[in-house]
Amino acid sequence: MSQFTADDEAELQSLLRQLLKSVKERIASAPSVECAEEILLHLEETDDNFHNYEFVRYLRCYIDNALGSVIEGETELCSNIEGQIVSSGQDTLVQAVTRKTRESIEYKTMIQSLKNTMMIVVESLINKFEEDLMRKEEMHRKSQSEHHSSHYTDNCSDSDSSFNQSYTFIKQEQLQIITEKLDPSQNREVRWEALQTLCSAPSSDVLNCESWGSLRKNLSAALADSDSAMSEKVLRFYAKTFSSSPLNITKEIYTSLAKHLESDFLNKKMHFIKVTAGVDICHQDVIRLLKKVRLLNEFQKEVSSFWIRHPEKYMEEIIESTLSLLSVTNEQSLRARGSEKTLELVHFQALLDIKATWFKKWMHGCYSRTVVLRLLENKYKSLIVAALQQCTDYLETCKSKADDNPFVGNITHGKSNTTVYTGKELQFINLVHSLCLLGRLLMYTQGRKLFPVKLRNRKESVCLTDLIVMLIQIMYVQPKSAFSGLSHTDFLSPVSLVMEVLRSLCDQKECAVECLHATTVVEALISPIASLLFRKQLPLNCVDSTLTHIADILARIATTDQGLLLFLYDENVISADGKRMSAAHVIVQFTQKLLIEDVPALSECETLSAIKGAFIFVCRQMYNTCEGLEVLKPYGLHNCIAEAWKKESFLSERVPTPLPGTMGYTTSQDLQNNMIWEETLLDNLLNFAATPKGLLLLQQTGAINECVSYMFNRFTKKLQVSRCEKFGYGVMVTQVAAIAPGVVALQSSGFVKAIVLELWSVLECGRDDVRIAYPKSTPMDPIDRSCQKSFLALVNLLSSYHAVYELIGKQPLPNKPEYPLREMPTSIIDVIDRLIVMNSEAKMHSLFNFEQSHTLGLRLFIIDGLSVERNHILVRINVVGGSSERFLPPRTLQEGSDPYPWPMFSSYPVPKCYIKEVPKKTLKQDNDVSKFLSSSRTSEKHSNWLDNCRRVFFKTMTTKPELLKINVLADVLERFVMNLSSNASECFFTSTDYKGSDSSVKNQTLSAVELLGIKMSIRYGKTLNLIKEDSEQDLCLLMKHSQKFLLQQKVKLCSPLCYLQESYPGHDWFVSSVFLIMAGDKVRALKFLLRLSELLVSAFLWLPRLHASSHLPLETAESGIHPVYFYTAHYVEMLLMKEVPLVFSAFRMSGFTPSQICLQWLSQCFWNYLDWPEICHYIAACVVLGPDYQVYFCIALLKHLQQEILQHTQAQDLQVFLKEEAIHNFQMSDYLEYMSYLEQKYRPVVMKDMRNIKQQNT
């Protein structure tokens, strides 16, 4: 722009003027210059047409010409730097080029030139603006001189707008004269002329004059004048002032009008008129009053948007004058009120603003809310009293069912047919206004502190819960046809208003706790249900709609922790046959009655299905938590829902084909309703899968396949689980995938195929919605961010050994000679074949992104013991141990001259650097446990010895755990189990006389998985110096004895699950652990296992013990779900939610479940997760202290991992972290006191349930 010409300047002025015109409205609405500058600075973010403005295009072209060559040069220079793009990414390149460009001389020259040019253009525009303004003023003065008589002409429009009015600047002396002329003693003509002059004067001059006090009084007198034209003229002056003046001026006008209304209402004695007389809105006095109230109300609704920009005293004066106006008649009425109600100003306010919009807006911002609530508390509490009194009177009159009910009338929308509001309609309008006002008060802490409130006709004050109960009862007693034109779904019906208030309270935790989580409130909500359940007199007028509303509120309360506990355990809610019971029991019993249609009062109800669904949903908020399921489980609600679904499904299949000439519409409508009801039942059945034990119950209904198919259908459509759920179906899918029948259902529904296809599409095809602007760099991380979500979905699916076995067990790899590029994998076997086992060139050539896809494939099955990089995977699967017992080589290269200093493992033995040496420990012991074992006598009383052993063990573990060597632990376990099993009362399972010998099991074969596990166990035992070199044969024999013993108790099952076809399909890590604890002594280990098998603890420590076992109910055995999952893992989730809520929430957010990781930990007896001493301590704690310590141990572990869990949840890799990483720095001794605390708190519940393992769970 060095050659900036006049034409350039004119062009730029035109472009800039065009831009300013386009954003004129935005700038004009800005409250200050600073705000206007902010609007312009952020115009690109807020204006969709920003890049279409000619001025913006001009600037872009100018910058391009000035800096284009500089940007190109810097881009080429930065791109040529080795590794710049690959290591840092495209964003770093952009930042580098931007920085270099801004530091260049060309950039500084361009900015200076542009600044100088725009200063010239802007200055020129300002000058032109000032010239235009002066020219307009000159023309205006000429016009004024030619038409001087128009100074006192009334130019006020009927639209109450000030924009079309002309003004005359008036001196103080003139205003004094006008004030004198407006004196009520003057004749009409003088006063009218003075008003004409006043209306043409600026409001600021009028209100700032010295005689404003007298003028205000005279204006009020004119407002009250019997001459309607005079009153109308003053009202227009007020309206003009409201629309064109700042708050300091409008405040004076508002307070003046409010004071006038106050005195006018009292002087005309309208407050002595009975409400029953009604109001004719065409009466002259009523018209004038309504116009004044309307003007105030319009200002009330607008002023809250701008009074924050003014001193608080202005706002306080407006608020106080309003509350004073509305309460003056209330106070008099409350003092003088007899049996009949009289008209109050609030009736007229409610006529114009029935839902109290003004109050809602004033309470919205903290700035004004604080003042409103302070004034209500200190000076104007009568307003709250009057609103409460209105609700109380309505409730009492509705209960009385009197024919002369003052609230029951005919009200229609808009009052189009009549100009008279009857007394009943006025009372109803006031009731609506009062409900809205009280509902808004309840939403805020300080508003709730205004209660309790004393009413004239009640001995006791009305507290918060009394008010909520009153609102609930209003919902119950509304007459069936109280108001023509109003239904229970109308936004003005009391039922709808009460529901709006209650829903608002439910949605805010603090409000819900203070208002709804009370026994009296829950009892009020439950009482109609109890009446229907126990067939008592029903306190409802509109049964069907009211029951749906009750269920809605109950469901919302049950979604909160405190509300759920209130439902489950507060047994002071309702009485049935003299017995108190909790709300949960009443709700579930009523729901069962609904499902079997055993509620006579609802036999002819047209919306019965909706009521059923609403109450099942209430139960669902309880049974989808571990704690709620424990309470509801005895009722067998899952069976009731399943039976209802089967019945509905059967009816749907038998719908007759419409015949010609018949009404097909009804059949079609009925069919649609049936389908909706069927899906509702499936949806609620599916939610039993939210907990481990609930998943077992769902499987036992036989509807798991249909439920999973329904879930998959909603999942693919990205539909919400329910209105009360914060997260999607991720957690439920993970929970279902933890069991064999669940993963089979997922596969048959198409869920597995969908996940595999999505992963393949991301890996090989790329996302459709990503625009390729530059060649995609090779990912350096094992899992690229683009496929992280798909990868984690597959990890969740394959996190259970049972799931993996069902999906890939005994299935051959395709190993095709050719793989077309368009052929996509559809199953887990296909993923293994295409991405993991790369044993042919055909597979390699079939991948577009070979390195990334193969890397992800290998990483995926780390979850089951493999690894990504070849060295890492070989070390990981060959070296067993906890965090301090082995070293795994990292997966990434390091900077420096030697990027990978660790030796490659390609042949045995494993390089020593990966195995941490464990020093040989002395066998000499000197601790309380060894002393106790050596000093205790066999003749000592059985119970005393067990208690003493527990006490000594606990004390030693908490004080000197390092003294408990492995050989001492072996002695403790052996002696303790021997003493426990010798007492028949302690034996939970019937003893089996096992007489197997080494020769009888010698020819028995072990699976490849078992042999591999044995080799790993022997290597681990040798590393820890626990066993001899030739111990492998002994462990093989021990495994064969164990299998033979367990086969004696195996029951023959008719199940399609691969998992149940043979013996336990995995390796028995518990037997391996016992073998190492017993120092490789096969005979000693076998005796210990046989004795342990009689005890309850064996069911949870030794997983193969109950695999397809005759000790389980047949239905449970056929489900393929192990008791460790639906007992231990279930209670882990239940206790975790209570004791470590942050960790529980982290699991929910990640779409993972605590039950899955606990099931994996327990299945492999914590091998590779904990160091060997802690594994031994875990086994000893469960045996000596009780099987419930398995639950407490898992809780302690998750509590120990809390910080890491929260961090990895944020990083979105929680599943991978928990599956892969060993648990560092965990010592059971540090948490034993905490476990003892959990035992004291939860043992009665946990142990009672564990002892029910032989019973049918239904």
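Residues numbered from 1 in each chain as written. Predicted model: local features only at pLDDT ≥ 70, side-chain atom pairs only at ≥ 80, totals over all residues. Heavy atoms only, no water.

Visitor: An account of the overall build of the chain is needed here, citing residue identities and associated values.
Guide: In terms of regular secondary structure, the chain is built from 62 helices and four strands. Counting across all 1258 residues of the chain, residues that qualify as buried make up 53%. By sequence separation, contacts in the chain at least 24 residues apart represent 75% of the contacts at least 6 residues apart. Accessible surface, the chain as shown: approximately 59000 Å² in total, 52% of it carbon and sulfur. (Helix = DSSP H or I, 4+ residues; strand = E, 2+ residues; numbered from the N terminus. Buried < 20%, exposed > 50% of the residue type's maximum accessible area, 1.4 Å probe, protein only. Contact = heavy atoms within 4.5 Å. Areas by Shrake-Rupley, 256 points an atom, 1.4 Å probe, with all protein chains shown as cover.)

Visitor: Describe in detail the packing of aromatic side chains, supporting the description with residues and values.
Guide: Each aromatic ring pair is characterised by the separation of its centres together with the angle its planes make. Counted according to the given criterion, the structure contains 34 aromatic pairs. Taking the centre distance of 6.0 Å and the plane angle of 85° together, the rings of Tyr994 and Phe1045 count as edge-to-face. Residue Tyr994 is found in the loop between α47 (966-981) and α48 (998-1001), and its partner Phe1045 is found in helix α50 (residues 1032-1047); the two are separated by 51 residues along the sequence. Of the residues examined, Tyr994 reaches a relative accessible area of 11% and is grouped as buried. Owing to a relative accessible area of 3%, Phe1045 belongs among the buried residues under this scheme. A ring pair is formed by Tyr1178 and Phe1193, whose centres lie 5.0 Å apart and whose planes are at 50°; its orientation type is tilted. Of this pair, Tyr1178 sits in helix α58 (residues 1172-1185) while Phe1193 sits in helix α59 (residues 1189-1200), placing them 15 residues apart in sequence. Put simply, the rings of Trp1161, Phe1166, Tyr1169, Tyr1178, Phe1193, Phe1226 and Tyr1231 touch in pairs and so form one group of aromatic residues. Sitting over the face of the ring of Phe988, Lys1254 holds its NZ or CZ atom 4.7 Å from the ring centroid. (Phe/Tyr/Trp six-rings, centres within 6.5 Å; stacked < 30°, edge-to-face > 60°. Lys NZ or Arg CZ within 6 Å of the ring centre and 35° of its normal.)

Visitor: So what's going on with the pattern of salt bridges? Residues and values would help.
Guide: Any two side chains of opposite charge can pair, on the condition that their charged atoms come close. In this structure the tally under the stated criterion is 36 salt bridges. Notably, a salt bridge pairs Glu317 with Lys251, separated by 3.4 Å at the nearest N-O pair. Here Glu317, found in helix α16 (residues 312-336), pairs with Lys251, found in helix α14 (residues 247-267); they are 66 residues apart in sequence, far enough to count as distant. Under the relative-accessibility criterion, Glu317 is labelled partly exposed at 34%. (Salt bridge = Lys/Arg side-chain N within 4 Å of Asp/Glu carboxyl O.)

Visitor: Break down unusual backbone geometry for me, citing the residues and quoting the values.
Guide: Omega for the peptide link from Phe451 to Pro452 comes to 10°, which places this bond in the cis form. Looking at the element boundaries, Pro452 is found in the loop between α22 (445-448) and α23 (464-477). Of note, the phi angle at Lys810 is positive, near 60°, even though the residue is not glycine. Relative to the helices and strands, Lys810 resides in the loop between α40 (801-808) and α41 (828-836). Positive phi is not limited to glycine here, since Asn1225 has a value of about 60°. With respect to the helices and strands, Asn1225 occurs in the loop between α61 (1214-1220) and α62 (1228-1250). Residue Asn1225 is classed as exposed on the basis of its relative accessible area, which comes to 70%.

Visitor: An account of the packing of α23 against helix α24 (residues 494-507) is requested, with residue identities and associated values reported.
Guide: Their axes nearest at 8 Å, the elements α23 and α24 cross at an angle of 140°. With respect to each other, α23 and α24 are oriented oblique. In terms of crossing hand, the pair formed by α23 and α24 is left-handed. In contact with Ile468, Leu471, Ile472, Ile474 and Met475 of α23, α24 contributes Pro494, Val495, Val498, Met499, Val501, Leu502 and Leu505. Of the residues that constitute the contact of α23 with α24, the class distribution is 12 nonpolar, no polar and no charged. (Axes fitted to C-alpha atoms, helices over the stretch in contact; angles between N-to-C directions. Parallel < 35°, antiparallel > 145°, perpendicular 65-115°, else oblique. Left-handed = near helix turned anticlockwise from the far one by under 90°. Nonpolar A, V, L, I, M, F, W, Y, C, P; charged D, E, K, R; others polar.)

Visitor: Kindly report on a positive patch on the surface, identifying the contributing residues and their values.
Guide: On the surface, Arg17, Lys21, Lys24 and Lys128 cluster together into a patch of positive charge. Considering the arrangement of structural elements, one finds Lys24 in helix α2 (residues 24-28). (Patch = residues over 30% accessible without salt bridge, like charges linked within 9 Å, V, L, I, M, F, W, Y side chains within 5 Å. Lys, Arg positive; Asp, Glu negative; His and termini not counted. Charge placed at Lys NZ, Arg CZ, Asp CG, Glu CD.)

Visitor: I'd love a proper account of helix α25 (residues 509-516), names of residues and values included.
Guide: Of all the residues in α25, the buried ones are Cys511, Ala512, Cys515 and Leu516. Projected onto a plane normal to the axis of α25, the buried residues spread over an arc of 100° and lie on a single side. (Arc of directions from axis to C-beta.)

Visitor: An account of the environment of Leu67 is requested, with residue identities and associated values reported.
Guide: The residue Leu67 is located in helix α5 (residues 54-79) in this model. Once the C-alpha coordinates of Leu67 and Ser104 are considered, the two residues, 37 residues apart in sequence, prove to be 9.4 Å apart. Beyond its immediate stretch of four places on either side in the chain, Leu67 contacts Thr101, Glu106, Tyr107 and Met110.

Visitor: Report on α14, specifying residues and quantitative values.
Guide: Taking 1.5 Å of rise per residue, 21 residues should cover 30 Å, and α14 covers 29 Å from first to last C-alpha, within 8% of that figure. Among the 21 residues of α14, 16 are classified as buried, and the element is accordingly described as predominantly covered. (Expected span 1.5 Å × (residues − 1).)

Visitor: How would you summarise the environment of Val1184 if you had to cite specific residues and measurements?
Guide: Examined against the element boundaries, Val1184 turns out to sit in helix α58. Accessibility expressed as a relative area gives 0% for Val1184, which makes it buried. Discounting residues that sit within four places of it in the chain, Val1184 has contacts with Arg950, Phe953, Val972 and Phe976.

Visitor: Which residues make up the confidence of the model for the chain, and what are the values?
Guide: Chain-level statistics for the chain give a pLDDT mean of 83 and a share of 84% at 70 or above. Residue range residues 82-90 is modelled with pLDDT below 50. Its contacts to residues more than four positions away, or to other chains, number seven contacts. Note that pLDDT drops below 50 for residues 481-485; the model gives that stretch 14 contacts with residues more than four away or on any other chain. (pLDDT = per-residue confidence, 0-100.)

Visitor: Outline the packing of helix α15 (residues 284-303) against helix α17 (residues 345-352), supporting the account with residue identities and numerical values.
Guide: Packing of α15 against α17 leaves a shortest axis separation of 9 Å and a crossing angle of 65°. By the criterion of interaxial angle, the relationship of α15 to α17 is roughly perpendicular. Crossing angle aside, the handedness with which α15 passes α17 is right-handed. For the pair formed by α15 and α17, the contact residues are Val286, Leu289, Leu290, Val293, Arg294, Asn297 and Gln300 on the first element and Leu345, Phe348, Gln349, Leu351 and Leu352 on the second. In terms of residue class, the contact of α15 with α17 is made up of eight nonpolar, three polar and one charged.

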